Amino acid sequence: MGVQYIYPEYEIVRNQERCIVCRVCERQCANEAHEYLKDSNKMVSDDAKCVNCHRCVALCPTRALKIVKSPHTFKENSNWSGKAINEIYKQAESGGVLLSSMGNPENYPVYFDKILLNASQVTNPSIDPLREPMETRVFLGAKPEKIERDEKGRLIRNLPPQIQLSMPIMFSAMSYGSISYNAHESLARAAAELGILYNTGEGGLHEDFYKYGKHTIVQVASGRFGVHKAYLNSGAAIEIKMGQGAKPGIGGHLPGEKIGRDISRTRMIPEGTDAISPAPHHDIYSIEDLRQLVYSLKEATNYEKPVIVKIAAVHNVAAIASGIARSGADMIAIDGFRGGTGAAPTRIRDHVGLPIELALASVDKRLRDEGIRNRVSIIVGGSIRSSADVVKAVALGADAVYIGTAALIALGCHLCRSCHTGKCNWGIATQREDLVKRLNPNIGYKRLVNLLTAWQHEIKEMMGGMGINSIEALKGNRLMLRGVGLNEKELEILGIKHAGE
Amino acid sequence: MYLLAHQLGFRALNEKIRGTSEDVVIEECYGERFIGAGATGRTITINGTPGNALGAYLDGATIVVNGNAQDAVGDTMNDGKIIIHGNAGDALGYAMRGGKILVKGNAGYRTGIHMKEYQDKKPVIVVGGYVGSFLGEYLAGGLIIVLGLNTEECPVGNFTGTGMHGGEIFIRTQKMPKNLPKQVCHSPAEEADMDRIRDILSEFSETFNIGMDEILGKPFHRLTPNAKNPYKQLYTNN
């Protein structure tokens, strides 16, 4: 103890009158925050080990536990927050780069929360989705410039490969390694049942999941883990990962201790070695180089798979997206700075990138202005939290959205942001067998199906309210959006009017 | 099957290659890209200069280039063999996982970058001449040999093996490169090390008709990573 002691941010409160000393909390906590004292036949807790994941709270049979924010505080200071002070203590002690997980939790504007949707009244009837058909199906991929016919007037089939989704939502890239086998199985089965796609992330594809290929996007990143011909051909689409919203501009690093036998097989590297994804693709220094990777993937898959290029939302995102649209890619995925991660340096996660709402609006506008919007579909992620966010994103110009964090929350994630420790008590961001089995994929996949079925209903309700019966008619339909509390510049970038206008 | 690359253009050319399981001979090749992408078990002979990404994701085929090759030869190659009777460009064998690439002449920057091995798969690159900087960067597995047969200087550029965390690099040279990064250990190759690479050296010798005496006429140095987890201590839990 001494200067290196940091008072815990959260405290475990145990109601001793309710506690029956069943020791469930002790068994459930991979962080070993709970301890049984034999002599006094009592449970005690060490707050310093608690990550506030609520596992013990949720499983305590007598509701004896709760986690509260500690009132313990530094002297109040508007400049030096307790967080800022503690981070300095940690770095002064260790000399290490601060490592965090999940999306940027800092207090930046959430533009989705400053945008309101329209509804029909009197002049344009709203539609009741319970009695009238509503179309939420979307087709993603490049669309031809025009309809072409041969000399006999027959349609020339010039449609590049497309992917079909029952609703404009997909599960975003989360590698096997960053999340567990059971989490992957849940995502894959839910995608298949819902008629949408999930994404392997950059860790390769487990042999058990090839059967979900029609509902799979296979990812190719700078580390090329698990990338081979059968892998490329197994999915419905191929995604080139250039960047990730949680850590734009930097690579990934799955430490060797997380590369067990199974992960080693999907990544196709030896057990126990670090899986390092370099920050850049070392063969891509330009849009022309990107075009080369796009086409080498198309060549390897006989032009049957659409290729997605995923980038983090960064300052010049519109110009970059324009380049990608000209690279031969079929889709652009843009990941906002709220996007989640299994591990990212805190400073990068919290200080680099752009809000997805602004990035999306500016990319959509740029591509339309340049007359190349048809060449690519736009997928956005980086904190889509609800069906309302989906509707707003589509109205801002997205063809579909990626959800990652929301899907994990459906599986039981309590956003304790400790994925990088590998001790996820909910069996999601861990490879420890005893923890992984806590996530039952039979239940997990059902919860994902429930979530998105509910979202689909809500999307239909919102569309119906606006008098729109097809998601295509909502796409880029900014007249359905109004800003509240936004300044002129923000409204200009979003391409929307202020509420009341 | 004989194909005239320049007449067809890369897309039609590659479609024809995919459409046959026969051996293919390509003439008049003036930079057509992606030849043999993902190709399996047969021989593709190219008389001319293939373009970038030759043999990307190669999965068992043999490609012989009678001429020079350009950038990204054997990108993410899984199995098979690429023989280049000339020079190769940058990023040769990027993220290659299996198979062999033999280059008679020189290779560019970032040769063998992020190569990795897996189970029985162990990728091998042998370059007869010299290579540019960043040889074997992020090397995670496999074997790279640089012979420098055409130079008296050390046949590698700067920063060889930066971020290396697996695999091994052999350099045939009298003097070791300066400025090796701290992730790399080096020592003169011992007899046991040389025994392990003798087969591949004789394959190179036979392929390009270069005598083993000449190849073994200079000492070899062996570079290995000093840890398989080079970035371990960098982080603090926050």
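Residues numbered from 1 in each chain as written. Chains lettered and ligands numbered in written order. Predicted model: local features only at pLDDT ≥ 70, side-chain atom pairs only at ≥ 80, totals over all residues. Heavy atoms only, no water.

1. Describing the UniProt feature "binding site: [4Fe-4S] cluster 2" (unreviewed entry) in chain A
All names here are of chain A.
Argument step 1. Residues annotated by UniProt as "binding site: [4Fe-4S] cluster 2" (unreviewed entry) correspond here to C29, C50, C53 and C56. A compact arrangement is adopted by the annotated residues: their sequence extent is 28 residues, whereas the largest C-alpha distance between any two is 10.1 Å.
Argument step 2. Inspection of the secondary structure puts C53 in the loop between β3 (42-45) and α2 (55-59).
Argument step 3. Residue classification places C53 among the buried residues on the basis of a relative accessible area of 9%.
Argument step 4. Those residues in contact with C53 that lie beyond four places of it in its chain are H414, C416, N425 and W426. (UniProt positions renumbered as here; feature names shortened; annotations may be inferred. Helix = DSSP H or I, 4+ residues; strand = E, 2+ residues; numbered from the N terminus. Buried < 20%, exposed > 50% of the residue type's maximum accessible area, 1.4 Å probe, protein only. Contact = heavy atoms within 4.5 Å.)

2. Some words on the packing of helix α4 (residues 181-194) of chain A against helix α14 (residues 441-466) of chain A
Residues and elements named next belong to chain A.
Argument step 1. In contact at an axis separation of 8 Å, α4 and α14 are set at 45° when each is read in the N-to-C sense. The orientation of α4 relative to α14 falls into the category oblique. Along this stretch, α4 crosses α14, giving a crossing that reads as right-handed. Facing α4, whose interface residues are N182, E185, S186, L187, R189, A190, E193 and L194, α14 presents P441, N442, G444, Y445, K446, L448, V449, L452 and T453. (Axes fitted to C-alpha atoms, helices over the stretch in contact; angles between N-to-C directions. Parallel < 35°, antiparallel > 145°, perpendicular 65-115°, else oblique. Left-handed = near helix turned anticlockwise from the far one by under 90°.)

3. Topic: the packing of aromatic side chains
Argument step 1. Here the structure, examined in full by the defined rule, presents ten aromatic pairs over all chains.
Argument step 2. Centroid distance F209 of chain A to Y212 of chain A: 6.3 Å. Interplanar angle 45°. Geometry classified as tilted. Residue F209 of chain A shares its accessibility class with Y212 of chain A, and that shared class is buried.
Argument step 3. A network of ring pairs unites the aromatic residues Y176, Y181, F209 and Y212 of chain A as a single cluster.
Argument step 4. Here the basic side chain of R224 of chain A rests over the ring of Y94 of chain B, its NZ or CZ set 4.4 Å away from the ring centre.
Argument step 5. A cation sits over an aromatic face here: R267 of chain A above F225 of chain A, 5.7 Å from the ring centre. (Phe/Tyr/Trp six-rings, centres within 6.5 Å; stacked < 30°, edge-to-face > 60°. Lys NZ or Arg CZ within 6 Å of the ring centre and 35° of its normal.)

4. Let's talk about the pairing of strand β15 (residues 307-312) of chain A
Residues and elements named next belong to chain A.
Argument step 1. Most of β15 is tucked away: six of the six residues are buried.
Argument step 2. Side chains V307, V309 and I311 of β15 all project onto a buried face; the interleaved residues I308, K310 and A312 project onto the opposite face, where all are buried too.
Argument step 3. Bridging between strand β12 (residues 237-241) and β15 involves four bridges; their strand directions are parallel. Bridge pairing in β15 places K241 opposite K310.
Argument step 4. In terms of handedness, the path from β15 via helix α8 (residues 317-325) over to strand β16 (residues 331-335) forms a crossover that is right-handed. (Pairing = 2+ DSSP bridges. Right-handed = clockwise from strand over helix to strand, strands pointing away.)

5. Some remarks on the UniProt feature "binding site: [4Fe-4S] cluster 1" (unreviewed entry) in chain A
All names here are of chain A.
Argument step 1. Here, UniProt's "binding site: [4Fe-4S] cluster 1" (unreviewed entry) annotation points to C19, C22, C25 and C60. Spanning 42 residues, the named residues nonetheless gather at one spot, since no C-alpha pair among them exceeds 10.4 Å.
Argument step 2. Every residue in contact with C22, bar those within four places of it in the chain, is listed here: R27 and P61.
Argument step 3. As for its position among the elements, C60 is in the loop between α2 and β4 (65-69).

6. Remarks on the domain arrangement of chain A
Residues and elements named next belong to chain A.
Argument step 1. Split into domains, chain A comes out as domain 1 (10-96) and domain 2 (138-144 + 165-476).
Argument step 2. With 14 residues of domain 1 at the contact, the number on the domain 2 side is twelve residues.
Argument step 3. Both faces considered, domain 1 and domain 2 share a buried interface measuring about 1100 Å² in area, 46% of it formed by carbon and sulfur atoms.
Argument step 4. Among the residues of domain 1 in contact with domain 2, A30, C53 and R55 are the three that bury the most area, contributing 47% of the side total.
Argument step 5. The interface formed by domain 1 and domain 2 contains five residue pairs in polar contact (both at pLDDT 80 or more).
Argument step 6. Looking at the side of domain 1 that touches domain 2, the elements that each hand over two or more residues are α1 (24-28), α2 and α3 (82-94).
Argument step 7. In terms of residue count, α3 provides more of the side of domain 1 that touches domain 2 than any other element does, three residues in total. (Domains from an automatic or database assignment. Buried area = accessible area lost by both parts, 1.4 Å probe. Polar contact = N/O pair within 3.5 Å; in protein donor to acceptor, adjacent residues only side chain to side chain.)

7. A word on the pattern of salt bridges
Pairing between side chains becomes possible if they bear opposite charge and their charged atoms approach one another.
Argument step 1. Counted according to the given criterion, the structure contains 43 salt bridges over all chains.
Argument step 2. We note a salt bridge from K81 of chain B to E203 of chain B, for which the minimum N-O separation is 2.7 Å. Placement of the pair is K81 of chain B in strand β5 (residues 79-84) and E203 of chain B in helix α2 (residues 191-208), with a sequence separation of 122 residues.
Argument step 3. Across the pair K218 of chain B and E152 of chain B runs a salt bridge whose closest N-O atoms are separated by 4.0 Å. One end of the pair, K218 of chain B, is in the loop between α3 (212-215) and β11 (220-225); the other, E152 of chain B, is in the loop between β8 (140-146) and β9 (166-172), with 66 residues separating them in the sequence.
Argument step 4. In this structure, a network of salt bridges that share partners links the residues D364, R368, R373, D399, E472, K475 and R478 of chain A. (Salt bridge = Lys/Arg side-chain N within 4 Å of Asp/Glu carboxyl O.)

8. Regarding the UniProt feature "domain: Glutamate synthase alpha subunit C-terminal" (unreviewed entry) in chain B
Argument step 1. The UniProt feature table records "domain: Glutamate synthase alpha subunit C-terminal" (unreviewed entry) at residues 26-176 of chain B.
Argument step 2. As annotated, residues 26-176 of chain B comprises 0% helix and 32% strand, and the C-alpha atoms at either end are separated by 40 Å.

9. Brief notes about the interface of chain A and chain B
Argument step 1. Each side of the interface is counted separately: chain A has 47 residues, and chain B has 40 residues.
Argument step 2. Together, the buried faces of chain A and chain B total about 3900 Å²; carbon and sulfur atoms form 54% of this surface.
Argument step 3. Area buried by chain A at its contact with chain B is led by H282, Q292 and E299 of chain A, which between them contribute 18% of it.
Argument step 4. Applying the counting criterion to the chain A and chain B interface returns two salt bridges.

10. Overview of α8 of chain A
Residue and element names in this part refer to chain A.
Argument step 1. When you tally the buried positions in α8, you get seven out of nine residues, the bulk of the element.
Argument step 2. Among all positions in α8, only V317, A318, A321, S322, G323, I324 and A325 are buried.
Argument step 3. Taken together, the buried residues of α8 touch α7 (287-300), β15, β16 and α10 (356-369).

11. Brief notes about a nonpolar patch on the surface
Argument step 1. Together, V3, F74 and Y89 of chain A make up an exposed nonpolar region whose accessible area comes to about 270 Å².
Argument step 2. With relative accessibility at 32%, the residue F74 of chain A sits in the partly exposed group. (Patch = residues over 30% accessible without salt bridge, like charges linked within 9 Å, V, L, I, M, F, W, Y side chains within 5 Å. Areas by Shrake-Rupley, 256 points an atom, 1.4 Å probe, with all protein chains shown as cover.)

12. Here's the deal with unusual backbone geometry
Glycine aside, a negative phi is what most residues show, and trans is what most peptide bonds show.
Argument step 1. Although it is not a glycine, N302 of chain A adopts a positive phi angle of roughly 55°.
Argument step 2. Relative to the assigned elements, N302 of chain A resides in the loop between α7 and β15.
Argument step 3. If you check the backbone angles, Q119 of chain B has positive phi at about 50° while not being a glycine.
Argument step 4. Summarising the element assignment, Q119 of chain B is placed in the loop between β6 (100-103) and β7 (124-127).
Argument step 5. By relative accessible area, which is 61% here, Q119 of chain B ends up exposed.

13. Comments concerning the side chain of R224 of chain A
Argument step 1. Position of R224 of chain A among the secondary structure elements: in the loop between β11 (216-220) and α5 (229-234).
Argument step 2. Judged by its relative accessible area of 0%, R224 of chain A is buried.

14. Brief notes about the nonpolar core
Argument step 1. Counting 120 residues, the largest nonpolar core has F171, I334, I403, I428 and L474 of chain A as the members making the most contacts within it.
Argument step 2. Residue contributions to this core peak at eight residues, all from α14 of chain A.
Argument step 3. Counting 43 residues, the second largest nonpolar core, distinct from the first, contains L13, L92, I144 and I171 of chain B. (Core = buried A, V, L, I, M, F, W, Y, C linked by side-chain atoms within 4.5 Å.)

15. A closer look at the side chain of T346 of chain A
Argument step 1. Among the secondary structure elements, T346 of chain A is positioned in helix α9 (residues 346-351).
Argument step 2. The exposure class of T346 of chain A is buried, given its relative accessible area of 1%.
Argument step 3. Polar side-chain contacts of T346 of chain A include one of 2.4 Å to the side chain of S100 of chain A.
Argument step 4. In contact with T346 of chain A, not counting residues within four places along its chain, are E87, L98, L99 and S100 of chain A together with N238 of chain B.

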